[in-house]
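Results of the structural survey
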Amino acid sequence: MTKYELEILRIINESHDHPTVDEVYERLKEKYPGVVKATCYNNLNKLSEEGLVRRVVTEKGGDRFDRTLRHDHLLCSKCGKISDVFLSDISSSIEKELGQHIESYDLKINWVCPECREKGIVSP
């Protein structure tokens, strides 16, 4: 594993804010000022493909990256904020319904976060 891969993996694993590629790149530049954005993209793609980081695909704000610890996500449909939620694993229920083994699932629950609700931004 290259020094960039190791640092990106550390950034993701220590993060709880689901950073974008740009945010990971800015954090990576703090340690390696000469790094180029393509290096960040390439290493995030590689780490994601290898299952070492989790890509969270969102409709607002582009892909986010997360640690691989088993959990699900709440996505605010107004501001795009992503929050972790730790629900019971439903793999066995899905497999029972399908009658087949599944590799994994990605549960994203759309809602309006407390901050948006407080501002009066609610769903119709």
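Attention here is on the structure that accompanies the text. (Residues numbered from 1 in each chain as written. Predicted model: local features only at pLDDT ≥ 70, side-chain atom pairs only at ≥ 80, totals over all residues. Heavy atoms only, no water.)

**Considerations on the overall build of the protein chain**
Helix and strand counts for the protein chain stand at 5 helices and 5 strands. N-terminal to C-terminal, the α/β element order of the protein chain is α-α-α-β-β-β-β-α-β-α. For the protein chain, the C-alpha atoms occupy an extent of roughly 45 × 45 × 20 Å along the three principal directions. Contacts spanning at least 24 positions in sequence make up 45% of the contacts within the protein chain whose residues lie at least 6 apart. Accessible surface for the protein chain amounts to roughly 7700 Å². Of this, 52% is attributable to carbon and sulfur atoms. Each charge sign in the protein chain was given a centre, from 19 positive and 22 negative side chains, and these centres are 4 Å apart. (Helix = DSSP H or I, 4+ residues; strand = E, 2+ residues; numbered from the N terminus. Contact = heavy atoms within 4.5 Å. Areas by Shrake-Rupley, 256 points an atom, 1.4 Å probe, with all protein chains shown as cover. Lys, Arg positive; Asp, Glu negative; His and termini not counted. Charge placed at Lys NZ, Arg CZ, Asp CG, Glu CD.)

**Focus on the side chain of D66**
In this fold, D66 is placed in strand β2 (residues 64-66). Overall, D66 belongs to the buried group, its relative accessible area being 1%. Only 2.6 Å separates the side chain of D66 from the side chain of H71, close enough to count as a polar contact. The residues contacting D66, other than those within four sequence positions of it, are I12, H18, V53, R54, V56, H71, H73 and D84. (Buried < 20%, exposed > 50% of the residue type's maximum accessible area, 1.4 Å probe, protein only. Polar contact = N/O pair within 3.5 Å; in protein donor to acceptor, adjacent residues only side chain to side chain.)

**Here we look at unusual backbone geometry**
Backbone geometry at H18 places phi at a positive 55°, although glycine is not the residue there. By the element assignment, H18 lies in the loop between α1 (3-14) and α2 (21-31).

**What to know about the packing of α1 against helix α3 (residues 37-49)**
For any two helices packed against each other, the geometry comes down to the angle between their axes and how far apart the axes lie. Here α1 crosses α3 at 70°, and the two axes come no closer than 10 Å. The angle between α1 and α3 places the two elements in the roughly perpendicular class. Between α1, through Y4, E5, I8, L9 and I12, and α3, the contact on the second element is made entirely by T39, C40, N43, L44, K46 and L47. Grouping the constituent residues of the contact of α1 with α3 by class yields 7 nonpolar, 2 polar and 2 charged. (Axes fitted to C-alpha atoms, helices over the stretch in contact; angles between N-to-C directions. Parallel < 35°, antiparallel > 145°, perpendicular 65-115°, else oblique. Nonpolar A, V, L, I, M, F, W, Y, C, P; charged D, E, K, R; others polar.)

**Some words on the pattern of salt bridges**
Enumeration over the complete set of coordinates arrives at 13 salt bridges. Across the pair K29 and E26 runs a salt bridge whose closest N-O atoms are separated by 3.7 Å. With K29 and E26 both in helix α2 and 3 residues apart, the pair spans about one turn of that helix. The exposure class of E26 is partly exposed, given its relative accessible area of 43%. Each of E7, R10, E14 and K31 takes part in salt bridges that share partners, so that together they form one network. (Salt bridge = Lys/Arg side-chain N within 4 Å of Asp/Glu carboxyl O.)

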